[in-house]
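# Architecture and fold: a report
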Amino acid sequence: MSRPSRARIDLDALRRNYAVARHMHGQKVLAVLKANAYGHGARECAQALAGTADGFAVAFLDEALELRESGIALPILLLEGVFDAAELRTAARHALWCVVHHEPQLRMFEAADDLEAPVNVWLKMDSGMGRAGFAPGAVAAGFARLTVCRSVGEVVLMSHFARADEPGVPATGAQIACFDRACAGLEAPASLANSAGIMAWGPAHRGWGRAGIMLYGVDPLPATHRQGRLRPVMTLESEVFAERLLEPHAALGYGGGFVAQRRMRVGLVAVGYADGYPRAAPAGTPVTVHGKPSRIIGRVSMDMLTIDLTDLPEAGVGSRVELWGASIDVNQVAAGAGTIAYELLCNVKRVPRVYA
């Protein structure tokens, strides 16, 4: 018998979430598949969406080439752009789209005289994120240079939000206004809305949206603003592979931080931080056992963790344990571990992915 841990990937839920994003945004939407589709498997997710998506976005060239090699012909945007002239030639050869977010990248296009075909460019403006993109005052000049460049096809204007997942904070509205001022009079499609922008900021809905975390069924908004329209795509699950009794006042696990207050039945579950479950998840983090609520006790180890079976007399060796998925919100696990759902999903490794 093989180790029972797995990540179940619901491709129907993925397609449904994309349809929700497309409906909410009202115009075209790129499905963001960077970081191996946030841990879900980029090839499989791209193939599942190939019949419905308007296009895809990845971080860098190698991620795009993996999709091209698997037969994906839809547009693919490189969110980091290219890093040198050789990459630009490869991007052109494979009909990839490129973000241009700083002067050296723009000069690469101006210097390119041997591309197989013009490349569509997404000109990125820093409207307040403070990370990547041209200053607002430089966007019009950059746009003018790109539109006369023989190596460039269509130009899309874009920016990225810093706080769209905080609906009550005015920073996103200020970014939208900054973008609109800087791009006034420039005739080009635009892209502003990431997942949170799609879900919470109607004024950010432009020609292209970019659906990332919402595609995988994770709502990026605060609990008070969640709409329940998304379905989790990944279920991380395992089984109880052994059990033992813990006597009152006995300590459990590394550091001895958990001490039993009564006689307890403890289940050993075959998943740990080497599989991507967060080591920082505290005792009390919820799990389900055969669909019934339980909790982690003790510290998460590299290859296993321990759960409370005391009040689940029907549970034991072989019982299915859900770490996150339809019953356990990955946002809740992430919050307990002091991180975000993005990190947990991207960190899933070693366990096989099972697609349905």
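Scope of this entry: the structure provided in the associated data block. (Residues numbered from 1 in each chain as written. Predicted model: local features only at pLDDT ≥ 70, side-chain atom pairs only at ≥ 80, totals over all residues. Heavy atoms only, no water.)

## Comments concerning the overall build of the protein
Looking only at helices and strands, one finds 11 helices and 18 strands in the protein. Taken over the C-alpha atoms alone, the protein extends approximately 75 × 45 × 35 Å along its principal axes. In the protein, which comprises 356 residues, the proportion classed as buried is 54%. Restricting the contact set of the protein to residue pairs at least 6 apart, pairs at least 24 apart contribute 65%. Counting only carbon and sulfur atoms, one obtains 53% of the accessible surface of the protein, whose full area is about 15,000 Å². Separation between the mean location of the 36 positive side-chain charges and that of the 35 negative ones in the protein comes to 4 Å. (Helix = DSSP H or I, 4+ residues; strand = E, 2+ residues; numbered from the N terminus. Buried < 20%, exposed > 50% of the residue type's maximum accessible area, 1.4 Å probe, protein only. Contact = heavy atoms within 4.5 Å. Areas by Shrake-Rupley, 256 points an atom, 1.4 Å probe, with all protein chains shown as cover. Lys, Arg positive; Asp, Glu negative; His and termini not counted. Charge placed at Lys NZ, Arg CZ, Asp CG, Glu CD.)

## What about the nonpolar core?
In a soluble, globular protein the nonpolar side chains are often hidden away together inside. Grouped together as the largest cluster of nonpolar side chains are 117 residues, with contacts concentrated most on L33, Y277, I307 and W324. A total of 7 residues in this core trace back to one element, the largest contributor, which is helix α1 (residues 11-25). Non-local contacts of L33, meaning those with residues more than four positions away in its chain, are made with A42, C45, A46, F56, A57, V58, L67, L215 and Y216. Among the nonpolar cores identified, the runner-up in size contains 8 residues, and L252, F258, M264 and V266 belong to it. (Core = buried A, V, L, I, M, F, W, Y, C linked by side-chain atoms within 4.5 Å.)

## Quick look at the packing of aromatic side chains
Tallied over the full model, the rule gives 6 aromatic pairs. Each ring, one from Y277 and one from W324, has its centre 6.0 Å from the other, and the planes form 15 degrees; the classification is stacked. In this pair, Y277 sits in the loop between β13 (264-269) and β14 (286-289) while W324 sits in strand β17 (residues 320-324), placing the two residues 47 residues apart along the sequence. Comparing Y277 with W324, the two get one shared label, buried. (Phe/Tyr/Trp six-rings, centres within 6.5 Å; stacked < 30°, edge-to-face > 60°.)

## So, the packing of α1 against helix α3 (residues 42-49)
Viewed as axis vectors pointing N to C, α1 and α3 meet at an angle of 60 degrees, and their least axial separation amounts to 10 Å. As summarised for this structure, α1 and α3 are arranged oblique, according to the angle between their axes. In the crossing of α1 with α3, the sense of the turn from one axis to the other is right-handed. Within the contact between the two elements, α1 uses L11, L14, R15 and Y18 and α3 uses E44, C45, A48 and L49. Classifying every residue of the contact of α1 with α3 by side-chain character gives 6 nonpolar, no polar and 2 charged. (Axes fitted to C-alpha atoms, helices over the stretch in contact; angles between N-to-C directions. Parallel < 35°, antiparallel > 145°, perpendicular 65-115°, else oblique. Left-handed = near helix turned anticlockwise from the far one by under 90°. Nonpolar A, V, L, I, M, F, W, Y, C, P; charged D, E, K, R; others polar.)

## Describing the pairing of strand β10 (residues 234-246)
Across 4 bridges, strand β1 (residues 6-9) lies against β10 in antiparallel orientation. What sits directly across from I9, in β10, is M234. Of the strand pairs in this sheet, β10 and β17 are connected by 4 bridges, and their pairing is antiparallel. Within β17, the residue paired with E237 across the bridge is E322. Across 6 bridges, β10 lies against β13 in antiparallel orientation. Residue pairing in the sheet places R244 in a bridge with V266 of β13. (Pairing = 2+ DSSP bridges.)

## Digging into the state of the cysteines
Using the criterion set out here, one finds 0 disulfides in the structure. Here C45 stays free of any disulfide, with the sulfur of C346 as its closest cysteine sulfur at 12 Å. When its relative accessible area of 0% is taken as the criterion, C45 is described as buried. Overall, the relative accessible area of 34% leaves C346 in the partly exposed class. (Disulfide = S-S within 2.5 Å.)

## Considerations on the side chain of E87
Tracing the backbone through its elements, the reader meets E87 in helix α5 (residues 85-93). As a buried residue without a salt bridge, E87 has its nearest oppositely charged side chain in R89, at a separation of 11 Å. Separated by 3.0 Å, the side chain of E87 and the backbone nitrogen of F83 make a polar contact. Residues in contact with E87, not counting those within four places in the same chain, are L61, G81 and V82. (Salt bridge = Lys/Arg side-chain N within 4 Å of Asp/Glu carboxyl O. Polar contact = N/O pair within 3.5 Å; in protein donor to acceptor, adjacent residues only side chain to side chain.)

## A look at the environment of E103
Its place among the elements puts E103 in helix α6 (residues 103-111). As a C-alpha pair, E103 and L236 span 133 residues in sequence and 43 Å in three-dimensional space. Among the polar contacts made by the side chain of E103, one reaches the side chain of R107 at a distance of 2.9 Å.

## A look at the environment of D114
Relative to the elements of secondary structure, D114 occurs in the loop between α6 and β6 (119-124). Along the primary structure D114 and A73 are separated by 41 residues, whereas in three dimensions their C-alpha atoms are 23 Å apart.

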